[in-house]
Amino acid sequence: MEKPILLDCRDVWKIYGARADDLYKSHGSRLTAEDLAAHGLIGAVRAVNVRIRQGEIFVIMGLSGSGKSTLVRCLSRLIEPTGGEILFEGRNLLSMTDREMIEIRRRKMGMVFQHFALLPHLTVLQNAAFPLEVQGVPRAEREARAREVIELVGLKGREAHFPRQLSGGQQQRVGIARSLAVEPDLWFLDEPFSALDPLIRREMQDEFLRLQGLLQKTIVFITHDFDEAIRLADRIAVMKDGAIVQVATPEELILSPATAYVEEFTRHIPRAKVLSLRSVMTPGAPSGDTAGDLPVTERIESVAERIEASDLPYRVLSEAGEVVGFVGRQAVIDVLIGRKAAR
Amino acid sequence: MSRLRRMMPGRAGAFWIALFGITWLLSRYSWDLYKVFDARWIIKYPAAYQLPVESRISAFMQWLVEEAHFGLFSFRDLTRFIASVIELPYDFARNMLIDGFSAGLGNQAVDIGPSLSWIAIVVMVTALGHYVRDWKLAALVGGCFAYLAVFGQWDSAMVTLASVLIAVPIGSVGGLLLGVLAFRVPAFEAVIRPVLDLMQTVPVFAYLVPILFLFGFGPVAALVATIIYAMPPMVRVTIIALKGVPGEIRDVGVMVGCTRRQLMWKVLIPTAMPTLMVGVNQVIMLTLNMVIIASMIGAGGLGFDVLSALRRLDIGGGIEAGVAIVVMAIALDRLSQAFATRVAEDRTVDPDLNIVQRHPWSATVLIVTVVTFLMSTRLPGVQSFPEAATISTGTFWSDLMGYINVHFFDAFEAVKTAFLNYLLLPIKRFFTGIPWAWGIVLVTLIGWRVGGIGLAVLGGVLTALIVAVGLWDKAMITVYLCGTAVLVATVIGVPMGILAGQNDTANRVIGSLIDTLQTLPSFVYLIPVVMLFRVGDFSAMIAVVLYAMAPAVRYAAHGIRSVDPQLIEAGMVSGCTPRQLLWRIRLPMAFPELLLGLNQTIMLALSMLVITALVGTRDLGQEVYIALTKANSGQGIVAGLAVAFIAIIADRILTAATRNARRNMGLEA
C-alpha cells in the first residue's frame, strides 16, 4: 500500500573542521558528539537516516543551527557529505560523476531558496526559463513552458518585470515557478517562506498546498516554524544538533513526542487543528443512539461544532465505511481546552 | 588628544611618549654625536656596505632585452609582439578619431579617408549620454566635448581619447579574466594577491622606467604602462564581486544543472555586474590618469601639452590643457558611472515602428556621420572645428595669473614662508636628522607595539633594505613631505568630513567637491600650484594635499554616518548636547574609520609625491624621475620599491592599529 521510496538517505554525516575526513574514516559512524567536541569539530549533520516516499511532503524542522539547511544541501549534493549514502531512485548520488549530477539536477530536481535567489539581470520570464536555457532548450519552447509555470503560480502579466520590481511574495512565486519549469520529480524547498511577512507566509502556504494538490510532487521542505511544519507536512523530521530526533506524522508528534525537546514544540500547537477523530474516539461500536456518521480522518477542528452541539455521540467510520468507534462532546471539549486527558 | 589617550591604557601612552622623546633627542643631536665619537656612520650609511641592487637590476634588464631567449623566440620578440598587438588597434582608433586614414609612408602617403568629423563625435557622445541616462547627462557630455572643440583642444584630446579607448577594454577584460582565474584557482589567488598589493603601492613612475627600457619611447610604451597601472583594481574588484555573490544564487546555478562555465558566465558574472561596472569605472579613471602621466614616455595628447607647458613655465597653455583634461575626465567619469548604475528597463518596443523609429539615436548618429563625411571635402569646418573660431583661453589665464601674482604676491609669499618656517622646515629637520640605525629600531619597535612580532620583523627588514640600498636620506625626505601633507590634509579634511557626516546640505556640497577632485588626473594639480607658488617643497605639499584629501573627508563622513543610530538615540535620551554627542559618541565610534581614511590618505599622498618630483622636490620621487630621464631601470626600480616599502610599512601599521581600535570598541572579535 505504501508508496515506493524515492530518496533514501543512509547514515549521512557532514563534519566541519580541520582533518574531519580523517576522523570520520577512523571512527566511521560510531562517532559521538563527545568525539567531535574533543577534536574541535562540528557535526553539522550526524548519522541521518531518512526515507522519503513518492508524493509525500516531508518536512525537516529544526531551529537555526540544527543542521537542517546543511542536510538538505547534502541531499541535493550542493554540499559534499563527509560520509553515508544518498540513494535517489536506487542510485547513490554521492558516487556519481559531476556530469551525471548535472544531468540529474537538470531533469529531476528543483529547489526553492529562502531568499528567492532570483537572477537580478533577468526578467520574470527569463528567470523562470533559466533552467531550460541552461539545458539548451530553444528559446520559443522554453519561454512557452516558462509562461505556463508563471501562470500556474499566478503571476501572469508580470513576465516582463524584473525581480526588484516585485514584492517578496511575488519574488518567491517566481522562485517556485523556476523550480517547477523542468517538472522535477524531487522538489526541495529550503525555508521558502521564512523571509516573508506572516500574512503573506500564510497565503503562500495555501498556494503551496494548492500546487501540491495539482502536481503531487515528492517534496523535502525545510522550516524552522513548527506551525508551518504541522500545517504542511505528511511527515516531519525534527532535527537538533545535527541529528534527527524523531520522524513522525504531525499527529504522532503531538500525541507521543519522543523527547522533552519535541514536546516543548508541540505544547503550544492547537491540538484540534492536528488531531483527527482517530486519536480521540472511543474504539468499538456505540451502545445507544447516535447523531450521525463522521470519517475517521476528519480533523477535530472541522467537526467540533457539530459534535459539541449534539447531545448524542457520533459514529466514526473508517475509510472502508466500517464503524470503528464513536466520539462524544466530552472528548472534543478535552481537546479544545487542551486537557491532558484528551489522549 | 586626551580622548585618544583615554582609549589606551596609561602605560601605553608612556611608551609612545618615551619613543618620541628618544627619537627627537637622537634626531636633534645626531650631528653632535658624529662629531663627539668621530663616527660618520652614525649619520651616513657607509657606502662600502651598500647593496649593489641597482646595478644588478640594470644588468638584468640589459640581459633581458639583448640576450634572453625562450627557445622559439627571444624576449625582444615577445615585447615586439605585444607592441604590435597593441599598436594595431591604437593606430586604428587614432586614425578614426583624428588622423584620418592613409596608405603608404612619409611623403608618399596617400589619404584614403578622413577621420570622423568633430560634429559626428560630439553627436555620438551625446547619444551615448542619453542612452545610458537622460537628457541632462547627454547635455553635459556633449557640452564637454563641444568645449574641447571650441577651445582648441580637440586634436590633443582625441589623441588622449584614442589611448583611453584602447587601454580600457584591454585593462577591463584582462582584469576580469585574471580575477575569474583567481576566483576559480585559490592557488593563483595566493600568488596574485601580494603582487596586486605591491602594484598598488609602487609609484607609477617606477614602472615607467623598465617599460621605457623594454618598449622604447612612444605611445605603445605609454599604453603598456597604462594597462599595467589600470588593471590591478579590476582584478581586485572582480575577485570581490564574485565572492560577494550570495551563496543561494550560486546554489541556484548548481541546482538547475549549470556546467562550471555556465555557472561563471550565466550566473555569477551577470549577478556581479553592478560591482564589476564600478571596477570598469575605476579602470577608466586610472587609465585617463596614467595616459596623462605617461606622456613622459611618449603618450602625446593632453598630457604632453601639460608637461611641455610645465617645462616652459607657459602658464596659459598649461592651464588650458589642464582644464581640457578636467573636462574630459568629468565627461568620461559621469558617462561610465551612469553605465555602472544603469538599470535595465522593460523594453517594450512597439513592433509597428520602423527601424529608424525604433533606434532613433543610432539612426541620428549614422546620418550625422555620413552627412559630415560627405560634406567634409567641401567644408573643412565640418571636418575639424574652424581654427578661426576657436577661442583660446591661454592669454586670459596668463593675464589672470599675472594679475594675481602682481597684486597678491606678498600675501602668497607670506603664507608660503610661514608654512615653511613653522611647519615644513622643523618637520624636515626632525626626520632627516634621525640616524638610520635608530630608524630601523624605531620602525621595529612601533611594529612590535602595534602588531606583534610579525609586524616588527616586516617593518625592521623593509626599513633596513631601504637603508642598505643607500636611500635613507631621500626616504626621510619622502616621509617628511608625505607626513606633512597628510597632516595638513587630515586637519582640513576630517572636520570637513565630520561636517558632511552631520549635515545633509554640507554633505552634498562637499561630496560633489570631493568627487570632482578625485576625478582629476594627478598631473592637473601641479598646474595652479606651480603658477602660484613656483617650484619647491611647499608647492609639492599643496599639490599632495589637494590630491590626497579626498579619503580623509570620505572616511570621516562615512564613519560619522555609520555610527549605530541607537547609540545616538541613547546619547540623546541621556541628555547629551550636540557637542557631547559628537565628542563622546560619534567621534570615538568613528575612530577606526578615521584611521582607515588616514591610511588611504597616506597611500594617495605617496603616489602623488612621486609626481611632484616635477616641481623640484629632492625625495625618492626625484630619484625615480632622474632614473626616467636616464632610462636607468635599476635606479628607477630600486627607488620605486623604496617608496612601496614605505607605503607597505605605513599600511600594515595603520591596519593593525585600526584592528586594535575596533577590538577595543568591541566592533570586531
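Here is what the cut-offs are and how they apply
- Residue indices follow the written sequence of each chain, beginning from 1 at its first position.
- Each chain gets a letter, beginning with A, and each ligand a number, beginning with 1, in the order they are written.
- Local features in a predicted model are, by the rule used here, given only for residues with pLDDT of at least 70; side-chain atom pairs are given and counted only at 80 or more, and totals for whole chains, interfaces and linings are based on all residues.
- UniProt positions are given in the numbering used here, feature names are shortened, and annotations may be inferred rather than shown by experiment.
- Here a strand is any run of E in DSSP of at least two residues, a helix any run of H or I of at least four, and the numbering for each starts at the N terminus.
- With C-beta atoms placed from the backbone, a residue is buried if 20 or more other C-beta atoms are within 10 Å of its own, exposed if 12 or fewer are, and partly exposed between those counts.
- Think of it this way: build a C-beta for each residue from its backbone, and any pair within 7 Å is a contact.
- A strand pair is defined by DSSP finding two or more bridges across the two strands.
- A residue's pLDDT is the confidence the predictor assigns to it, expressed on a 0 to 100 scale.
- Note on geometry: axes are lines fitted to C-alpha atoms, helical ones only across the stretch in contact, with angles between N-to-C directions running from 0 to 180 degrees.
- What sets the label is the angle itself: under 35 degrees gives roughly parallel, over 145 gives roughly antiparallel, 65 to 115 gives roughly perpendicular, and the rest give oblique.
- Here a crossing is taken to be left-handed if its near helix is turned anticlockwise relative to the far helix by less than a right angle, and right-handed if that turn runs clockwise.
- Remark: nonpolar core denotes a set of buried Ala, Val, Leu, Ile, Met, Phe, Trp, Tyr and Cys residues whose joining runs through C-beta atoms within 7 Å.
- Annotation comment: domain bounds sourced from an automatic or database domain assignment.
- Lys, Arg, Asp and Glu make up the charged group, whereas Ala, Val, Leu, Ile, Met, Phe, Trp, Tyr, Cys and Pro make up the nonpolar group; the residues left over, Gly among them, are polar.

Going by what an unreviewed UniProt entry lists, chain B is known as Glycine betaine/proline transport system permease protein and is assigned to Roseovarius azorensis. As its UniProt record puts it under Sequence similarities (unreviewed entry), chain B is described as follows: "Belongs to the binding-protein-dependent transport system permease family." UniProt lists a comment for chain B under the heading Subcellular location (unreviewed entry), and it reads "Cell membrane".

Per an unreviewed UniProt entry, the recorded name for chain A is Quaternary amine transport ATP-binding protein, and the organism is Roseovarius azorensis. Of the comments in the UniProt record for chain A, the one headed Sequence similarities (unreviewed entry) reads "Belongs to the ABC transporter superfamily." For chain A, the Subcellular location (unreviewed entry) comment in UniProt is given as "Cell inner membrane".

Trainee: Go over the overall build of chain A with me, naming the residues and quoting the values.
Mentor: Scanning chain A from terminus to terminus reveals 15 helices and 14 strands. By its C-alpha atoms, chain A is 70 × 55 × 35 Å across when sized along the principal axes. A total of 343 residues make up chain A; the buried ones form 42% of that total. If you take every contact in chain A between residues at least 6 apart in sequence, the share linking residues at least 24 apart comes to 66%.

Trainee: Describe in detail the sheet that holds strand β4 (residues 83–88) of chain A, supporting the description with residues and values.
Mentor: Residue and element names in this part refer to chain A. The 4 strands are arranged β2-β1-β4-β5 in an open sheet whose pairing can be described as antiparallel. Strands with a single pairing partner mark the edges of an open sheet, and in this sheet they are β2 (42–53) and β5 (91–92). Sheet topology places β4 next to β5; 2 bridges connect them, and they run antiparallel. By the bridge assignment, Leu 87 is partnered in β5 with Asn 92.

Trainee: Describe in detail the confidence of the model for chain B, supporting the description with residues and values.
Mentor: Predicted coordinates in areas of low pLDDT are best not read in detail. Counting all residues, the mean pLDDT for chain B is 83, and 94% of those residues have values of 70 or more. Predicted complex, confidence summary: ipTM 0.85, pTM 0.82.

Trainee: Hey, could you go over the packing of helix α15 (residues 315–341) of chain B against helix α19 (residues 394–433) of chain B for me, with residue numbers and the actual values?
Mentor: All names here are of chain B. Remark: α15 packs on α19, axes separated minimally by 7 Å, with the N-to-C direction vectors making an angle of 120°. By the angle class used here, α15 and α19 are oblique. Handedness of the α15/α19 crossing: right-handed. Judged by residue contacts, Ile 315, Gly 316, Gly 317, Ile 319 and Glu 320 of α15 engage Gly 394, Thr 395, Trp 397, Ser 398 and Met 401 from α19.

Trainee: So what's going on with the nonpolar core? Which residues, and what values?
Mentor: One finds Leu208(B), Ala225(B), Ala485(B), Val544(B), Ala548(B), Ala605(B) and Ala642(B) to be the most contacted residues of the largest nonpolar core, which totals 305 residues. Filtering out sequence-adjacent residues up to four positions away, Ala642(B) remains in contact with Ile466(B), Val469(B), Leu471(B), Ala475(B) and Leu620(B).

Trainee: Tell me about the domain arrangement of chain A, residues and numbers included.
Mentor: Residues and elements named next belong to chain A. Here chain A is described as being made up of domain 1 (5–270) and domain 2 (272–342). Averaged C-alpha coordinates put domain 1 and domain 2 at centres separated by 36 Å. For the side of domain 1 that touches domain 2, the element with the highest residue contribution is helix α10 (residues 250–255), accounting for 4 residues. Taken together, the residues that form the side of domain 1 that touches domain 2 break down as 6 nonpolar, no polar and 1 charged.

Trainee: Requested: an account of the interface of chain B and chain A, with residues and values cited.
Mentor: Tallying the contact residues gives 20 residues for chain B and 20 residues for chain A. Breaking the side of chain B that touches chain A down by element, the ones donating at least two residues are α11 (247–255) and α12 (260–271) of chain B. In terms of residues, the side of chain B that touches chain A owes the most to one element, α11(B), which gives 6 residues. A class-by-class count of the residues in the side of chain B that touches chain A yields 11 nonpolar, 5 polar and 4 charged.

Trainee: Describe in detail unusual backbone geometry, supporting the description with residues and values.
Mentor: All names here are of chain A. Phi angles above zero are rare outside glycine, and Asp 11 is one such case at about 50°. The topology assignment puts Asp 11 in strand β1 (residues 5–16). A count of 14 C-beta atoms within 10 Å places Asp 11 in the partly exposed class. With phi around 50°, Glu 89 is a residue other than glycine that occupies positive phi space. Mapped onto the secondary structure, Glu 89 falls in the loop between β4 and β5.

Trainee: A description of helix α5 (residues 124–135) of chain A should follow, citing residues and the corresponding values.
Mentor: In an α-helix, one full turn covers 3.6 residues, which means residues spaced three or four apart are oriented alike. A large share of α5(A) lies buried, amounting to 10 of its 12 residues. Here the buried face of α5(A) lies against α6 (139–152) and α7 (168–180) of chain A together with α12 of chain B. Trailing α5(A) by a residue or two, Gly136(A) shows a phi angle of about 85°, which is positive.

Trainee: Please provide a residue-by-residue account of the packing of helix α13 (residues 273–293) of chain B against helix α14 (residues 302–312) of chain B, values included.
Mentor: Residues and elements named next belong to chain B. Two numbers describe how α13 lies on α14: the axes approach to 7 Å, and their chain directions differ by 45°. With respect to their mutual orientation, α13 and α14 come out oblique. As α13 packs across α14, the resulting crossing turns out to be right-handed. Contacts between α13 and α14 involve Val 291, Ile 292 and Ile 293 from the former and Leu 302, Gly 303 and Val 306 from the latter. In terms of residue class, the contact of α13 with α14 is built from 5 nonpolar, 1 polar and no charged.

Trainee: Could you give an account of the sheet that holds strand β12 (residues 293–295) of chain A, naming the residues involved and the relevant values?
Mentor: Residue and element names in this part refer to chain A. The sheet built from 4 strands is open, its strands ordered β11-β14-β13-β12 with mixed pairing. Edge positions in the open sheet fall to β11 (282–283) and β12, since each of these has one partner strand only. By the bridge criterion, 3 bridges tie β12 to strand β13 (residues 314–317) in an arrangement that is parallel. When the sheet's bridge partners are listed, Pro 295 is paired in β13 with Leu 317.

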